[in-house]
Amino acid sequence: MQRRDLFKLVGLSIIASASLLSPISLEASSVSSTSGKDVVIVGGGFGGLSVAKALKKADKSINVTVLEKREIFMSCPYSNTYLGGMQGVTFEQLTHDYYAPAAKYGYNFVQCEVIGIDREAKVVKTTTGDFGYNVLVLAPGIAYDYTKQFPSWDAQKISLVSRECPSALMPGSEHLALKRQLDNMNDGNIVIVPPQKGKFRCPPAPFERTSMLASYMKQKKIKGKVIVLDTSDGTFAKNKAFMETWSDLYPNIVEYHGKAPIVDVDVKNKTITYKENEVDVTIKYEVCNLMPYNKVSPVIGMAGLQTTKNGFVAMNSTGFQSKTDPNVYVVGDCVGHGVPASGQTAIWSGKRASLQIVAQLNNSTFDVKSGLPAQAANVCYSMVNTNPAEAIMVQHEFVADADTGNINAVPNVPKPADGSGKFRSKGTGKLTTEWYNGVKRELFS
Amino acid sequence: MERRNFLQIIGGIGTIAVFPSLIPTRLFAENGQMFVGYGKVKLVDALGKPLLAGKLKKETAYIFNYPFVGTPSMLIDLGTATQKDVTLKSEAGDEYVWKGGIGKESSIVAYSAICAHQLTHPNPKESFIKYFKKGEKTVSCSQDKVIVCSSHMSSYDPASGCKNLGGDAREPLASIVLEHDIKTDELYAVAVVGVGKFVDYFDAFGDEMEQYYKGKREAKAEVSVQTKTVELKKYSKEVIGY
């Protein structure tokens, strides 16, 4: 059999039809290496791509393969500006092909879906074939957990609600569907339901979206409200900054309800029922954006990794090695560290994980406590107004937590020194756009 | 000519010590391009008159384009003497020695104003890079007298070669090697030490090069003879920093 017909990794022969593989994979002869330095990364989001690039930059002899189920990259960060119709923001700006960075940085990209992980044999099984590894990096992101949130709903109801009330926390059709609904909406209410329990992707996202859609209604002169049905008592991410903005800019549009758990959604009649002060309240909506509970991707379960009490992956000390297996690393939204699940955190964790992986593959050591505390390890902007573009921000210092032994985040929501006394500013709006442009430069150009 | 601003590069086979102005064109350390000597360029003010070290406003960021027409660099008189002989490391692990500030007080420094993280830089419209002077607070790190790129909150210490203090940047800002003529008090830029990021910068900002420099090819031309040096707040219409 000819070499091009095989996909051979780390002594394992498999093993996929060449016609199924991307051009990048085919031209990457390194995938057949048996150098003992093969890294397979599951997930092509901010974290996974950061690991891939950082590994190749640090050590070109490492064979890096990214396995990703999506055809194109799409960013969740900054996508609320698209939903809010901010001038100059297009869907295309949120997307990128995977081939360009793979070619530029020298890693392999394979579009496929993971169907199993055999940690003993060090093999990832996918719809395209099996991939052997020396080090496995899991960066698969989140999944939704409608079943846990709505145990009485059957699969058909979940399917219907997820389609009609798109969550848009995972990139792709959900964003396009929600945008289409917004573009077509009549006067009436937009209901936003943030994840009502547990850790979730991008904690300020539902509230940035609230601001963006309120701005959209204001700009388009749509008569109605943006109603937030939350279960917190108002202590959500950047709450003071969001509340100040809503009070200043959208006093008759944003209506925030804390401690308001969802009871049911009737997509046929476009109503949603929630509890408030122990009483069921039913309201009509024109557009409903229901973000269900988040959980880790099923890929984590396939690997059989130990999880924390809240369902995220138990991490070894302050590094990104899983507690279960020193050859399996986790970055991005699935980590059990006490850090926000943001794009910037995913990038930071990806780069940091790569340092440890390079050391491991070269029989060296990496002090996982080095560089901690890390000042401004995470910075997260939220656009709150589209015209003019204004934003707020939070930055986190990452520290070694003496109680958990893991990394914890210390937040700070500053006000700009522009004399306004407000959290939001046009300057921060510009920084938001530059943050996103910089991230794209980092991953793709 | 002041001689303390010579340069050391630590490489695999020993230490090289050079006076930048004595390098005719380019010098490559054995570990790559940690040092590149460019043409000796005089820093001048907006009227074309030589910028005098003694006339610089203390703790005020100035911008001059160097080593290329389209690459902004930042000049600051920190007001106090910098550290000396600071060993710095690039993201790739290459080490080099930053010798310290120049001028009467050893307080004048210059760095590429292209962020080592994701290439954010000042342009005539706006700057997200700013120098935070003594007593001015930034959320990026706990100290003052720092250069901060606020788009991703990377902060650098200009008194120690712009080593990283906070944020996601993994290497210092590239340092612009200056010479100070003691007799005339004039300042010259002669070289770049560290990781310049210029190739990535030109790749990423083609539109901007077109907008401000008539094109990428024009922006990529090396600066020669002299370069205009103006305060950052005049170079960019808006300076934004946290």
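What counts, and where the lines are drawn
- Residues numbered from 1 in each chain as written.
- Chains lettered and ligands numbered in written order.
- Predicted model: local features only at pLDDT ≥ 70, side-chain atom pairs only at ≥ 80, totals over all residues.
- Heavy atoms only, no water.
- pLDDT = per-residue confidence, 0-100.
- Contact = heavy atoms within 4.5 Å.
- Helix = DSSP H or I, 4+ residues; strand = E, 2+ residues; numbered from the N terminus.
- Buried < 20%, exposed > 50% of the residue type's maximum accessible area, 1.4 Å probe, protein only.
- Expected span 1.5 Å × (residues − 1).
- Buried area = accessible area lost by both parts, 1.4 Å probe.
- Salt bridge = Lys/Arg side-chain N within 4 Å of Asp/Glu carboxyl O.
- Polar contact = N/O pair within 3.5 Å; in protein donor to acceptor, adjacent residues only side chain to side chain.
- Nonpolar A, V, L, I, M, F, W, Y, C, P; charged D, E, K, R; others polar.
- Pairing = 2+ DSSP bridges.
- Axes fitted to C-alpha atoms, helices over the stretch in contact; angles between N-to-C directions.
- Core = buried A, V, L, I, M, F, W, Y, C linked by side-chain atoms within 4.5 Å.
- Domains from an automatic or database assignment.

*Asks:* Quick question: what am I supposed to make of the confidence of the model for chain B here?
*Replies:* Detailed reading of the predicted coordinates is not advisable wherever pLDDT falls low. Residue and element names in this part refer to chain B. For chain B, per-residue confidence averages 87 on the pLDDT scale, and 86% of positions sit at 70 or higher. The model gives residues 1-32 a pLDDT under 50, and that stretch makes 76 contacts with residues more than four places away or in other chains. Predicted complex, confidence summary: ipTM 0.81, pTM 0.87.

*Asks:* Just to check I follow, could you spell out unusual backbone geometry for this structure?
*Replies:* Trans peptide bonds make up the majority, and among non-glycine residues the majority have a negative phi. Residue and element names in this part refer to chain A. Residue Pro373 follows Leu372 across a cis peptide bond; omega there is 0 degrees. Cis geometry is adopted by the peptide bond preceding Pro388, which originates at Asn387 and carries an omega value of 5 degrees. The topology assignment puts Pro388 in the loop between β22 (374-386) and β23 (389-400). Positive phi is not limited to glycine here, since Ala168 has a value of about 55 degrees. Examined against the element boundaries, Ala168 turns out to sit in the loop between α6 (155-164) and α7 (173-184). Overall, Ala168 belongs to the buried group, its relative accessible area being 1%. Backbone geometry at Glu278 places phi at a positive 70 degrees, although glycine is not the residue there. Here Glu278 lies in the loop between β17 (271-276) and β18 (279-284). With relative accessibility at 72%, the residue Glu278 sits in the exposed group.

*Asks:* Quick question: what am I supposed to make of helix α8 (residues 205-220) of chain A here?
*Replies:* Along an α-helix, a turn takes 3.6 residues, which lines up residues three or four apart on a common side. Residues and elements named next belong to chain A. Taking 1.5 Å of rise per residue, the 16 residues of α8 would be expected to cover 22 Å, and the 22 Å separating its terminal C-alpha atoms lies within 8% of that figure. For α8, a buried count of 13 out of 16 residues is recorded, marking the element as mostly surrounded by other parts of the structure. The first or second residue beyond α8 is Lys221, which carries a positive phi of 55 degrees.

*Asks:* Honestly, the interface of chain B and chain A in this entry has me stumped. Any pointers?
*Replies:* Size of an interface, as often reported, equals the accessible area lost when the parts are brought together. The partner chain A presents 31 residues to the 27 residues of chain B that form the contact. Between chain B and chain A the total buried area reaches about 2200 Å² when both faces are included, carbon and sulfur atoms providing 52% of it. Inspection of the chain B/chain A interface yields four salt bridges. The partner of B:Glu238 in a salt bridge is A:Lys430, and the shortest N-O contact between them spans 2.3 Å. The interface formed by chain B and chain A holds 17 residue pairs in polar contact (both at pLDDT 80 or more) in total. Breaking the side of chain B that touches chain A down by element, the ones donating at least two residues are β13 (163-166) and α1 (198-204) of chain B. The leading source of residues in the side of chain B that touches chain A is α1(B), at three residues. The class makeup of the residues in the side of chain B that touches chain A is 10 nonpolar, 10 polar and seven charged.

*Asks:* What is the right way to read the sheet that holds strand β9 (residues 123-126) of chain A from this model?
*Replies:* The strands making up a sheet associate through backbone hydrogen bonding, with each pair oriented either parallel or antiparallel. All names here are of chain A. With respect to topology, three strands assemble into an open sheet ordered β8-β9-β10, the strand pairing being antiparallel. Two strands in the sheet have a free side with no partner beyond their single neighbour: β8 (114-118) and β10 (130-132). Averaged over neighbouring strand pairs, the angle between their axes works out to 20 degrees when direction is ignored.

*Asks:* Can you walk me through the nonpolar core in this structure?
*Replies:* A general tendency of soluble globular proteins is for nonpolar side chains to be buried together. A:Leu138 and A:Ile272 are the most contacted members of the largest nonpolar core, which totals 137 residues. Formed jointly, this core draws a minimum of three residues from each of two domains, domain 1 (3-141 + 297-368 + 439-444) and domain 2 (154-293) of chain A. Not counting the four nearest positions on each side in its chain, A:Leu138 is found in contact with A:Val42, A:Ile117, A:Val299, A:Ile300, A:Ala303, A:Leu305, A:Val328, A:Tyr329, A:Val330 and A:Val331. If you look at the next biggest cluster of nonpolar residues, it comprises 63 residues, including B:Leu88, B:Tyr96, B:Ile108 and B:Val109.

*Asks:* Help me understand the sheet that holds strand β12 (residues 154-157) of chain B, please; the structure alone is not making it clear to me.
*Replies:* All names here are of chain B. The sheet built from four strands is open, its strands ordered β10-β11-β12-β13 with antiparallel pairing. Each end of this open sheet is capped by a strand with a single partner; those strands are β10 (129-132) and β13. With strand direction ignored, the average angle separating the axes of adjacent strands in the sheet is 30 degrees. With three bridges joining them, strand β11 (residues 146-149) and β12 adopt antiparallel strand pairing. Of the residues in β12, the one forming a bridge with Val148 is Ser155.

*Asks:* What is the right way to read the pairing of strand β6 (residues 86-89) of chain B from this model?
*Replies:* Every other side chain in a regular strand lies on the same face of the sheet, so the side chains alternate between the two faces. Residues and elements named next belong to chain B. Every second residue of β6 is oriented toward a common face, the buried set being Val86 and Leu88 and the non-buried set Thr87 and Lys89. With four bridges connecting them, β6 and strand β7 (residues 95-98) associate as antiparallel partners. Counted as the bridge partner of Lys89 is Glu95 from β7. Taken together, β6 and the strand that follows it, β7, pair antiparallel across an intervening segment of five residues, in which Gly93 is found at a positive phi of about 95 degrees.

*Asks:* What's the story with the domain arrangement of chain A in this structure? I'm lost.
*Replies:* All names here are of chain A. According to the domain assignment, chain A consists of domain 1 (3-141 + 297-368 + 439-444) and domain 2 (154-293). Contacts between the two partners involve 18 residues from domain 1 and, on the opposite side, 20 residues from domain 2. When residues of domain 1 are sorted by the area they lose upon contact with domain 2, Cys76, Asn80 and Leu83 head the list and together hold 35% of the total. Close ionic contact of Asp333 with Arg201 constitutes a salt bridge, the shortest N to O distance being 2.6 Å. Joining domain 1 to domain 2, the criterion identifies nine residue pairs in polar contact (both at pLDDT 80 or more). In terms of residue count, the dominant contributor to the side of domain 1 that touches domain 2 is helix α3 (residues 79-83) (five residues). Per-class residue counts for the side of domain 1 that touches domain 2 are 10 nonpolar, six polar and two charged.

*Asks:* Would you mind going over the environment of A:Pro166 with me for this structure?
*Replies:* Residue and element names in this part refer to chain A. One can find Pro166 in the loop between α6 and α7. Classification of Pro166 by relative accessible area gives buried; the value is 1%. Counting along the chain gives 19 residues from Pro166 to Thr147, while the straight-line C-alpha distance between them is 16 Å. Not counting residues within four places of it along the chain, the set of residues in contact with Pro166 comprises Val161, Glu174, Ala177, Leu178, Gln181, Cys288, Asn289 and Leu290.

*Asks:* What's the story with helix α12 (residues 426-444) of chain A in this structure? I'm lost.
*Replies:* End to end, α12(A) covers 27 Å across 19 residues, agreeing with the expected 27 Å (1.5 Å per residue, within 8%). At the N-terminal end of α12(A), a side-chain oxygen is found 3.4 Å from the backbone nitrogen of A:Gly427, two or three residues along, and the residue is A:Ser425.

*Asks:* Even after reading the chapter, I still don't get the pattern of salt bridges, so can you show me in this structure?
*Replies:* Oppositely charged side chains can pair when the atoms bearing their charge come close. On inspection of all chains with the given rule, the structure shows 28 salt bridges over all chains. When the shortest N-O distance is used, the salt bridge between A:Arg119 and A:Asp325 registers 3.1 Å. In this pair, A:Arg119 sits in the loop between β8 and β9 while A:Asp325 sits in the loop between α10 (298-303) and β21 (328-330), placing the two residues 206 residues apart along the sequence. We note a salt bridge from B:Arg170 to B:Asp168, for which the minimum N-O separation is 2.5 Å. The class for B:Arg170 is partly exposed, based on a relative accessible area of 24%.

*Asks:* Explanation requested: the environment of B:Tyr131 in the structure shown.
*Replies:* All names here are of chain B. Mapped onto the secondary structure, Tyr131 falls in strand β10. Take Tyr131: its relative accessible area is 5%, and that puts it in the buried class. On a C-alpha basis, the gap between Tyr131 and Lys183 in space is 29 Å, while along the polypeptide they are 52 residues apart. Residues in contact with Tyr131, not counting those within four places in the same chain, are Glu59, Ala61, Ile76, Leu78, Glu136, Lys145, Val146, Ile147 and Pro158. Side chain to side chain, Tyr131 and Glu59 meet in a polar contact 2.6 Å long.

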